Amino acid sequence: MKRVLGVLQITLSLCGVMMFDTVTYAAINMVNGQYRVEMALNTKGLIIKWGL
């Protein structure tokens, strides 16, 4: 049980950092008017393309 909690702490921390980075990146580019994201869903999964 202790091992699982350690893995969850690391995973949730990384998830929080990635969410913060994504929102910050989006906000900066929205202000500049350069924000563009292309999303596609196919049999291989979700594909996200970021562009400026």
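That block above? That's the structure.
Remember, it's a predicted structure, so these values are computed and weren't measured experimentally.

**A few points about the overall build of the protein chain**
Item 1. Within the protein chain, the regular secondary structure consists of 1 helix and 2 strands.
Item 2. Along its sequence from the N terminus, the protein chain presents helices and strands in the succession α-β-β.
Item 3. Scored against the burial criterion, the 52 residues of the protein chain give a buried share of 6%.
Item 4. When the accessible surface of the protein chain is totalled, it reaches about 4,900 Å², and 69% of it is carbon and sulfur.

**Considerations on the environment of Ile47**
Item 1. Relative to the assigned elements, Ile47 resides in strand 2 (residues 45–51).
Item 2. For Ile47, a relative accessible area of 36% puts it in the partly exposed group.
Item 3. Non-local contacts of Ile47, meaning those with residues more than four positions away in its chain, are made with Glu38, Met39, Ala40 and Asn42.

**Overview of a nonpolar patch on the surface**
Item 1. A cluster of nonpolar side chains, Tyr25, Val37, Met39, Leu41, Leu46, Ile48 and Trp50, forms an exposed patch at the surface whose accessible area comes to about 730 Å².
Item 2. Residue assignment for the nonpolar patch shows that the elements contributing at least two residues are strand 1 (36–42) and strand 2.
Item 3. Looking at the secondary structure, you find Leu46 in strand 2.

**Regarding the environment of Ala26**
Item 1. Assignment of secondary structure puts Ala26 in helix 1 (residues 2–32).
Item 2. When the C-alpha positions of Ala26 and Val37 are compared, they lie 9.4 Å apart, and in sequence the two are 11 residues distant.

**Notes on the environment of Thr24**
Item 1. One can find Thr24 in helix 1.
Item 2. Only 2.7 Å separates the side chain of Thr24 from the backbone oxygen of Phe20, close enough to count as a polar contact.

Quick notes on the rules
- All residue numbers refer to positions counted from 1 along the written sequence of the respective chain.
- With the structure being a predicted model, the display of local features is reserved for residues of pLDDT at least 70 and the display and counting of side-chain atom pairs for 80 or more, all residues being used for whole-chain, interface and lining totals.
- With hydrogens and water excluded, all non-hydrogen atoms of the structure serve as input to the side-chain values.
- Counting from the N terminus, the helices are DSSP H or I runs at least four residues long and the strands are E runs at least two residues long.
- Under the scheme applied here, a residue whose accessible area is under 20% of the maximum for its type counts as buried, over 50% as exposed, and between as partly exposed, the area being computed with a 1.4 Å probe on protein chains only.
- In this description, accessible areas are obtained by the Shrake-Rupley approach with a 1.4 Å probe, and a residue is regarded as covered only by the protein chains that are shown.
- Two residues form a contact once any of their heavy atoms are found within 4.5 Å.
- Put simply, a patch holds well-exposed residues, over 30% relative accessible area, that have no salt bridge, with like charges counted together within 9 Å and Val, Leu, Ile, Met, Phe, Trp or Tyr side chains within 5 Å.
- The salt bridge criterion pairs a side-chain nitrogen of Lys or Arg with a carboxyl oxygen of Asp or Glu, the two atoms within 4 Å.
- Distance and chemistry together define a polar contact, namely a pair of N or O atoms within 3.5 Å, with one atom able to donate a hydrogen and the other to accept it when in protein, and with adjacent residues in sequence counting only for side-chain atoms on both sides.

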